[in-house]
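# Architecture at a glance
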2 protein chains.
Amino acid sequence: MFLYICFMEQTKSIYSPYLSVDCVVFGFDGELIRVLLIKRKQAGQEVFALPGDLLDLSESLDETAVRVLNDLTGLNNIYLEQFGTFGDVDRISNPIDIEWLSTIRERPEERVITTAYFSLIKIEDFELKPNSFAEQVLWQPIEQKKQLAFDHNKIANTAWSILQYKIRNEPIVAFNLLPKKFTLRQLQGLYESIVGSELDKRNFRKRIQGKKFVSPLEEFEEGVAHKPARYYSFDEEIYKREFEKGQWFLF
Amino acid sequence: MFLYICFMEQTKSIYSPYLSVDCVVFGFDGELIRVLLIKRKQAGQEVFALPGDLLDLSESLDETAVRVLNDLTGLNNIYLEQFGTFGDVDRISNPIDIEWLSTIRERPEERVITTAYFSLIKIEDFELKPNSFAEQVLWQPIEQKKQLAFDHNKIANTAWSILQYKIRNEPIVAFNLLPKKFTLRQLQGLYESIVGSELDKRNFRKRIQGKKFVSPLEEFEEGVAHKPARYYSFDEEIYKREFEKGQWFLF
């Protein structure tokens, strides 16, 4: 046993920290953007974390991401995009995290480098099912900050910035979150959720009305207490033609 | 010895492939974009690769990138940005690569996951100095394809796509490669090098002239055989005001 520990030490201390994958899944509930968290099974502590776990040597990183997310949350068939690898030497330093790791892993203080993936889905399209070491799975509104395990706040914040950048440069990402027919109120709500502040309604509508790929329909909301709003639709073909042409020379 | 191998196997087969860092450094020579390659010290074979090496357990990934690039090429003080981690199970399968690894590493067939960084610099600002296992360091024009070691072609191509995306969405990245005073021919040459094809001169100039952050100067080329071209300058403040305002609503 002594030899065993000894050699592990020697092998691992050269080049090989543990490797894990963490997933930042954003979901749109029709009003707000939320982030998917798990609550860990940890006696006497309420600890929330991104869904993540160690790589298996037989898997590619992409395969690990799919497996781990499904194992912990039940989510399946969603598009996951890698966005960064977090390799600070002191990622695992919080005693609560080490205590938890000691219940599931031989060397809980061992360094772990994690590759992170993100996704953006419509919440209503998927069902959650906590499993493995996840006691609970929840959609946390992103404006309600929560202290997360390890460096998961940093990872989630990085994913959020990247998502904002992406939506700014490829608005189609936002339109894909809306139903086929949507009101301008819904569209504005989505953008406000992404920007994180209220937008001026008049300005917003003026900008939209200048866009050929957002078309007014001859259909209106039904059975609402307020004045029924007009529905709009997003035309992906026009978008591609208008938005992507000449992208080289945005400046 | 038997025990030793045995235990290494056990430890490493669970969760810990080797970890490395590879750097894709693009350089602009005033006319072309090039990529920085090393030629490996390998008997009887001429093998080119991206500068990269294994992580040391005391380092963060960012620190590894800085050290490895400097060790192999002499480059220092350049901004490196992480862009992806490559974790396919069969990354190391080419016999030439395994043969080379067997001269520098105990378990040459061991799986390696690599985190990749990119950078974009002006070639004239830096001096190269091959070192460590690099026999030579060179700036390879990116349109001249070269077969690289491991999955380095895939890594370099990914970096190139990301760079193109970045320049498309943040033209300041391109302007930073030019001298303070530049001609429209230089600017067009840079963009052609990025797009990978010739651009229509009239159209290009028309677009530029509509941009407030590119200002014509009352200075002209001197001592040239052709008609001296006018110099232009890039105004970062106007750029930031014009280009970054309202980015939320590009659509």
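Conventions adopted
- Residues numbered from 1 in each chain as written.
- Chains lettered and ligands numbered in written order.
- Predicted model: local features only at pLDDT ≥ 70, side-chain atom pairs only at ≥ 80, totals over all residues.
- Heavy atoms only, no water.
- Helix = DSSP H or I, 4+ residues; strand = E, 2+ residues; numbered from the N terminus.
- Buried < 20%, exposed > 50% of the residue type's maximum accessible area, 1.4 Å probe, protein only.
- Areas by Shrake-Rupley, 256 points an atom, 1.4 Å probe, with all protein chains shown as cover.
- Contact = heavy atoms within 4.5 Å.
- Domains from an automatic or database assignment.
- Buried area = accessible area lost by both parts, 1.4 Å probe.
- Salt bridge = Lys/Arg side-chain N within 4 Å of Asp/Glu carboxyl O.

### What about the overall build of chain A?
Looking only at helices and strands, chain A has eight helices and nine strands in total. Principal-axis analysis of the C-alpha atoms gives chain A an extent of 75 × 45 × 30 Å. In chain A, which comprises 251 residues, the share counted as buried stands at 51%. When the accessible surface of chain A is totalled, it reaches about 12500 Å², and 48% of it is carbon and sulfur.

### Thoughts on the side chain of Gln188 of chain B
All names here are of chain B. As for its position among the elements, Gln188 is in helix α6 (residues 184-195). Since its relative accessible area comes to 8%, Gln188 is described here as buried. Discounting chain neighbours no more than four positions away, the residues touching Gln188 are Leu199, Asp200, Lys201 and Phe204.

### Digging into the domain arrangement of chain A
All names here are of chain A. What the domain assignment lists for chain A is domain 1 (18-168) and domain 2 (178-249). In this structure, domain 1 and domain 2 have C-alpha centres spaced 31 Å apart. At the interface, nine residues of domain 1 touch seven residues of domain 2. Regarding the contact of domain 1 and domain 2, the summed buried area is about 680 Å², with carbon and sulfur atoms giving 62% of it.

### Some remarks on the pattern of salt bridges
Oppositely charged side chains may form a pair once their charged atoms are brought near each other. All names here are of chain B. Within the structure shown, the criterion is met by 29 salt bridges over all chains. Notably, a salt bridge pairs Arg67 with Asp71, separated by 3.7 Å at the nearest N-O pair. Of this pair, Arg67 and Asp71 both sit in helix α2 (residues 61-73), four residues apart, which is roughly one turn of that helix. Looking at Arg67, the relative accessible area reads 27%, which means it is partly exposed. Across the pair Arg91 and Asp151 runs a salt bridge, and its minimum N-O distance is 2.7 Å. With Arg91 in the loop between β5 (81-86) and α3 (95-104) and Asp151 in the loop between β7 (134-141) and α4 (152-169), this pair connects stretches of sequence that are 60 residues apart. On the basis of relative accessibility, which here comes to 7%, the residue Arg91 falls in the buried class.

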